[in-house]
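One-letter residues, chain by chain:
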Amino acid sequence: MIFGFAASWWKLRNKPNILMLHYKEMVSDHEGSIKKISDFLGYGPYSDEEWSTILEVTSFQWMKKHETRFESNTVWPVPVLQKGAMIRQGSFGMARKDGMSEELANDLAERGRKICTDEKAFN
């Protein structure tokens with residue numbers, strides 16, 4: 001389950017070779033997140049033109065426009081998600097709008113907190 005996967009990495013988050021980002025953070029501060037990733041990997045500095053291109057091709061808009069490049073069947077022949085499921089809306093907090101009930105959301109949160117007990121993982 002996803003919580004077990006996340007919990008196994010969560011305890012390693014402070015290691016110098018691990019970079020963890022929240023999706024919410026990446027959506028809220030795209031440029032800052034890309035800079036953080038670039039710095040972590042030891043890339044840069046970039047020219048203004050290179051940086052502009054990097055920000056463009058890492059944007060939700062660009063990925064949505066080219067979403068077939070991100071479909072699981074580009075990696076392996078068995079699709080695990082329906083077409084268009086990988087690049088959805090480019091926002092966070094949309095599960096309720098997508099039809100997730102409050103009951104299901106609470107159940108998932110409760111299960112997640114049993115596996116990954118550090119509350120910071122959920123903020």
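Quick note: structure is the one above.
### Comments concerning the overall build of the protein chain
Okay, so step 1: When you go through the protein chain residue by residue, the secondary structure sums to six helices and zero strands.
Okay, so step 2: The N-to-C order of helical and strand elements in the protein chain reads α-α-α-α-α-α.
Okay, so step 3: The buried share among the 123 residues of the protein chain stands at 15%.
Okay, so step 4: Residue pairs at least 24 apart in sequence account for 41% of intrachain contacts in the protein chain once pairs closer than 6 positions are excluded.
Okay, so step 5: Of the roughly 9,400 Å² of accessible surface on the protein chain, 57% is carried by carbon and sulfur atoms.

### So, the packing of aromatic side chains
Okay, so step 1: Within the structure shown, the criterion is met by one aromatic pair.
Okay, so step 2: Between Tyr46 and Trp51 the ring centres are 5.6 Å apart and the planes differ by 25°, which places this aromatic pair in the stacked class.
Okay, so step 3: Taking relative accessible area as the criterion, Tyr46 reaches 29% and is therefore assigned partly exposed.

### Some remarks on a nonpolar patch on the surface
Okay, so step 1: Taken together, the side chains of Phe5, Trp9, Leu12 and Met20 make up a nonpolar region of the molecular surface, amounting to roughly 370 Å² of accessible area.
Okay, so step 2: Take Leu12: it is sitting in the loop between helix H1 (2-10) and helix H2 (23-28).
Okay, so step 3: Judged by relative accessible area, which is 30%, Leu12 ranks as partly exposed.

### Some thoughts on unusual backbone geometry
Okay, so step 1: With an omega of 0°, the peptide bond between Gly44 and Pro45 qualifies as cis.
Okay, so step 2: As for its placement among the helices and strands, Pro45 is situated in the loop between helix H3 (30-41) and helix H4 (48-57).

### Focus on the pattern of salt bridges
Oppositely charged side chains can pair when the atoms bearing their charge come close.
Okay, so step 1: One pass over the structure, following the stated rule, counts five salt bridges.
Okay, so step 2: A salt bridge links Lys35 to Asp39; the shortest N-O distance between them is 2.8 Å. Here Lys35 pairs with Asp39, and both are found in helix H3, just four residues apart, close to one helical turn.

### What about the side chain of Ser33?
Okay, so step 1: Within the element layout of this structure, Ser33 appears in helix H3.
Okay, so step 2: Not counting the four nearest positions on each side in its chain, Ser33 is found in contact with Leu21, Glu25 and Met26.

### Regarding H3
For an α-helix, the turn length of 3.6 residues means that residues three or four places apart are oriented alike.
Okay, so step 1: With twelve residues, H3 extends 17 Å between its outermost C-alpha atoms, agreeing within 8% with the 16 Å of an ideal straight helix rising 1.5 Å per residue.
Okay, so step 2: Residues Ser33, Ile34 and Ser38 constitute the buried set of H3. For H3, the angular spread of the buried residues around the axis is 135°, confining them to a single face.
Okay, so step 3: Among the residues trailing H3, Gly42 stands out with phi positive, at a value near 80°.

Conventions used here
Residues numbered from 1 in each chain as written. Predicted model: local features only at pLDDT ≥ 70, side-chain atom pairs only at ≥ 80, totals over all residues. Heavy atoms only, no water. Helix = DSSP H or I, 4+ residues; strand = E, 2+ residues; numbered from the N terminus. Buried < 20%, exposed > 50% of the residue type's maximum accessible area, 1.4 Å probe, protein only. Contact = heavy atoms within 4.5 Å. Areas by Shrake-Rupley, 256 points an atom, 1.4 Å probe, with all protein chains shown as cover. Phe/Tyr/Trp six-rings, centres within 6.5 Å; stacked < 30°, edge-to-face > 60°. Patch = residues over 30% accessible without salt bridge, like charges linked within 9 Å, V, L, I, M, F, W, Y side chains within 5 Å. Salt bridge = Lys/Arg side-chain N within 4 Å of Asp/Glu carboxyl O. Expected span 1.5 Å × (residues − 1). Arc of directions from axis to C-beta.

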